[in-house]
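Summary of structural features
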Amino acid sequence: MVPEQDIIEMKVDVGVLKQQVSTLTQLCNKMDSVIERLMEKQENMASDLYDDIDQKKQETVADIKELHSRITTVDRNLSDKIELTERRIMDEIKNLRQDITDHNKIEDDNIQKILEWKWFAAGGIIAITWVLSHVNLDILGKLFN
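Report follows, based on the coordinates. (Residues numbered from 1 in each chain as written. Predicted model: local features only at pLDDT ≥ 70, side-chain atom pairs only at ≥ 80, totals over all residues. Heavy atoms only, no water.)

Considering the overall build of the protein chain
Within the protein chain one finds two helices and zero strands. A compact globule built from 145 residues should have a C-alpha radius of gyration of about 15 Å, whereas the protein chain, at 61 Å, is more than 25% larger. Across its three principal axes, the protein chain shows a C-alpha extent of roughly 200 × 25 × 20 Å. Taken across its 145 residues, the protein chain has 0% of its residues classed as buried. In the protein chain, which carries 19 positive and 28 negative side-chain charges, the distance between the mean positions of the two groups comes to 8 Å. (Helix = DSSP H or I, 4+ residues; strand = E, 2+ residues; numbered from the N terminus. Rg over C-alpha atoms; globule rule 2.2 N^0.38 Å. Buried < 20%, exposed > 50% of the residue type's maximum accessible area, 1.4 Å probe, protein only. Lys, Arg positive; Asp, Glu negative; His and termini not counted. Charge placed at Lys NZ, Arg CZ, Asp CG, Glu CD.)

Here you go:
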């Protein structure tokens, strides 16, 4: 048989082992709790990160739409201004063309008058020359005395 001292030592060892197992169980439970909290924090951080990414994506899409709208507006405004400028230039060209036409007509009329006067003067000179060549100057002298 086993001496009583050995039995007491075994009982003490078993008691110590029970205490150590109990302590290890408590430590494992605490570690499980810490791990669960860390996992929750990780999930919350991941969720927040995805939410931030989605928000930034939505902001980027909104910014792109705003830029597209502004580009379209600027394009329309520039097209309108170009068209208006083109109309003004064409109107000025028409006015200039009309002014040139009016000026040319006036110049043509003036040249025509000068030519008429020139031919009238030439005809007068020819007539005076003919009269002077066919008329006796003595008779003219008596007329004017």
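Quick look at the pattern of salt bridges
According to the stated counting rule, one finds three salt bridges in the structure shown. Among the salt bridges present, the one from Glu-83 reaches Arg-87, with a minimum N-O distance of 2.2 Å. Here Arg-87 and Glu-83 lie together in helix 1 (residues 4-134), a separation of four residues that amounts to about one turn. Residue classification places Glu-83 among the partly exposed residues on the basis of a relative accessible area of 38%. (Salt bridge = Lys/Arg side-chain N within 4 Å of Asp/Glu carboxyl O.)

So, a negative patch on the surface
Taken together, the side chains of Asp-32, Glu-36, Glu-40 and Glu-43 present a region of like negative charge at the surface. Its location among the elements puts Glu-36 in helix 1. (Patch = residues over 30% accessible without salt bridge, like charges linked within 9 Å, V, L, I, M, F, W, Y side chains within 5 Å. Areas by Shrake-Rupley, 256 points an atom, 1.4 Å probe, with all protein chains shown as cover.)

So, a nonpolar patch on the surface
On the surface, Ile-8, Val-12 and Val-16 cluster together to form a nonpolar patch covering roughly 240 Å² of accessible area. When you line up the elements, Ile-8 lands in helix 1. Take Ile-8: its relative accessible area is 42%, and that puts it in the partly exposed class.

Focus: the environment of Asn-110
Along the chain, Asn-110 turns up in helix 1. The exposure class assigned to Asn-110 is partly exposed, which follows from its relative accessible area of 34%. For Asn-110 and Ile-7, which are 103 residues apart along the polypeptide, the C-alpha to C-alpha distance reads 150 Å.

None of the figures reported here should be taken as evidence of function without further support.
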